[in-house]
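# Structural description and commentary
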Amino acid sequence: MSAYKIIFTGPVGAGKTTAIESISDEPPIRTDEAASDMAKNRKTATTVAMDYGILNLDDGERIHLYGTPGQERFDFMWDILTIGGIGLVLLLDNTRSDPFTDLRFFLETFEGFIHSTKVVIGVTQMDLSQTPTIADYHMQLTGLGLNPPIFEVDARVKADISLLVQSLLFSLDPGLKEA
Ligand SMILES: Nc1nc2c(ncn2[C@@H]2O[C@H](COP(=O)(O)OP(=O)(O)OP(=O)(O)O)[C@@H](O)[C@H]2O)c(=O)[nH]1
Ligand SMILES: [Mg+2]
């Protein structure tokens, strides 16, 4: 593998744009626009096309980081952004009304991509809402016949997002060097 591309997806407000900003080694490109209906997500802007950042690994490899819009009205971007990708980071927001529905929705929507690559899951905003727990998510995933890595993360914390990306790279290729 020489050109890595990974995709961040998940519902509105899960922290995709924030996560790419936290981890990118170069100023990320964002396509956030003001959105009047975003107040419930504690933010005033939403991604309308994509986020883009770059992560440099120790061995000189570069990982291209792409973030999808969360809103379904921009879902035409989802397929476009996964082309050539090697793995998916699914971020979920634990404060949303039904994070398990979000979980199933995104796993189903990206099923084809996940089937040919790998997925890791990060649950954000667990500082604001402690339930469901990571153990609860494990049970849901087991019920779906899946066992991807899943972590509590804060999208604002670089070390948390690094852990997610490392875990994705490791599950793709256990021989990969650390970032
Ligand atoms: N308290 C708390 N806030 C978080 C955490 N993770 C992310 N945030 C905040 O949640 C918001 C996430 O916003 P975005 O990064 O724009 O979310 P997004 O997934 O890109 O959303 P869309 O582009 O609208 O789909 C930001 O205000 C972050 O600072 C967390 O773990 N705890
Ligand atoms: Mg965004």
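First, a word on what this report is: a plain description of the structure on this page. (Residues numbered from 1 in each chain as written. Chains lettered and ligands numbered in written order. Predicted model: local features only at pLDDT ≥ 70, side-chain atom pairs only at ≥ 80, totals over all residues. Heavy atoms only, no water.)

Scanning the protein chain from N- to C-terminus turns up six helices and eight strands. Beginning at the N terminus, the succession of helices and strands in the protein chain can be written as β-α-β-β-β-β-α-β-α-α-β-α-β-α. The C-alpha atoms of the protein chain give a radius of gyration of 15 Å, which matches the 16 Å a tight globule of 179 residues would have. With 179 residues in all, the protein chain has 50% of them scored as buried. Here the protein chain has roughly 8600 Å² of accessible surface; of this, 53% comes from carbon and sulfur atoms. Placing the 14 positive and 25 negative side-chain charges of the protein chain at their respective mean positions leaves the two points 3 Å apart. (Helix = DSSP H or I, 4+ residues; strand = E, 2+ residues; numbered from the N terminus. Rg over C-alpha atoms; globule rule 2.2 N^0.38 Å. Buried < 20%, exposed > 50% of the residue type's maximum accessible area, 1.4 Å probe, protein only. Areas by Shrake-Rupley, 256 points an atom, 1.4 Å probe, with all protein chains shown as cover. Lys, Arg positive; Asp, Glu negative; His and termini not counted. Charge placed at Lys NZ, Arg CZ, Asp CG, Glu CD.)

Once that is clear, we can look at the pattern of salt bridges. Under the criterion given, the structure shown has six salt bridges. Here Asp154 and Arg156 are joined by a salt bridge, their closest N and O atoms 2.6 Å apart. Within the structure, one salt-bridge network assembled from shared partners comprises Glu21, Arg30 and Asp32. (Salt bridge = Lys/Arg side-chain N within 4 Å of Asp/Glu carboxyl O.)

The final tally for this structure, using the stated rule, is seven aromatic pairs. Ring geometry for Trp78 and Phe106: centres 5.4 Å apart, planes at 40°, overall tilted. With a gap of 28 residues between them, Trp78 in helix 2 (residues 76-82) and Phe106 in helix 3 (residues 99-109) connect regions that are remote in the sequence. Judged by relative accessible area, which is 3%, Trp78 ranks as buried. Considering the side-chain rings of Phe100 and Tyr137, the 5.2 Å spacing of their centres and the 90° angle between planes classify their relative orientation as edge-to-face. Of this pair, Phe100 sits in helix 3 while Tyr137 sits in helix 5 (residues 134-143), and the two are 37 residues apart along the sequence. An aromatic cluster is built from Trp78, Phe105, Phe106 and Phe110, whose rings are joined through pairwise contacts. Stacked on the ring of Tyr66, the Lys or Arg Lys5 has its end atom at 4.7 Å from the ring centre. (Phe/Tyr/Trp six-rings, centres within 6.5 Å; stacked < 30°, edge-to-face > 60°. Lys NZ or Arg CZ within 6 Å of the ring centre and 35° of its normal.)

On to the site of ligand 1. Close to ligand 1 lie 20 residues; Lys16, Thr18, Lys43, Thr46 and Thr47 are nearest. Take Gly13: an N or O atom from its main chain is 3.0 Å from an oxygen atom of ligand 1. Contact between ligand 1 and Gly15: an oxygen atom at 2.8 Å from a main-chain N or O atom of the residue. Relative to its free-state accessible area of 670 Å², ligand 1 is covered by the protein chains to the extent of 88%. Those elements that place two or more of their residues in the shell around ligand 1 are helix 1 (16-23) and strand 3 (45-47). Looking at the shell around ligand 1 element by element, the count peaks at three residues for helix 1. For the shell around ligand 1, a count of residues per class yields six nonpolar, nine polar and five charged. (Near = heavy atom within 4 Å. Polar contact = N/O pair within 3.5 Å; in protein donor to acceptor, adjacent residues only side chain to side chain. Nonpolar A, V, L, I, M, F, W, Y, C, P; charged D, E, K, R; others polar.)

Now for the nonpolar core. One finds Leu88, Leu90, Leu103, Ile121, Val123, Tyr137 and Ile150 to be the most contacted residues of the largest nonpolar core, which totals 25 residues. Secondary structure elements with two or more residues in this core: strand 4 (51-56), helix 2, strand 6 (87-93), helix 3, helix 4 (111-116), strand 7 (119-124) and helix 5. Per-element accounting of this core gives the leading share, four residues, to helix 3. Beyond its immediate chain neighbours, meaning those up to four positions away, Ile150 contacts Ile121, Val123, Ile134, Tyr137, His138 and Leu141. (Core = buried A, V, L, I, M, F, W, Y, C linked by side-chain atoms within 4.5 Å. Contact = heavy atoms within 4.5 Å.)

Attention shifts here to the side chain of Asp51. With respect to the helices and strands, the residue Asp51 is situated in strand 4. There is no salt bridge for the buried Asp51, and the closest opposite charge comes from Arg30, which lies 5.5 Å off by N-O distance. Side chain to side chain, Asp51 and Thr17 meet in a polar contact 2.9 Å long.

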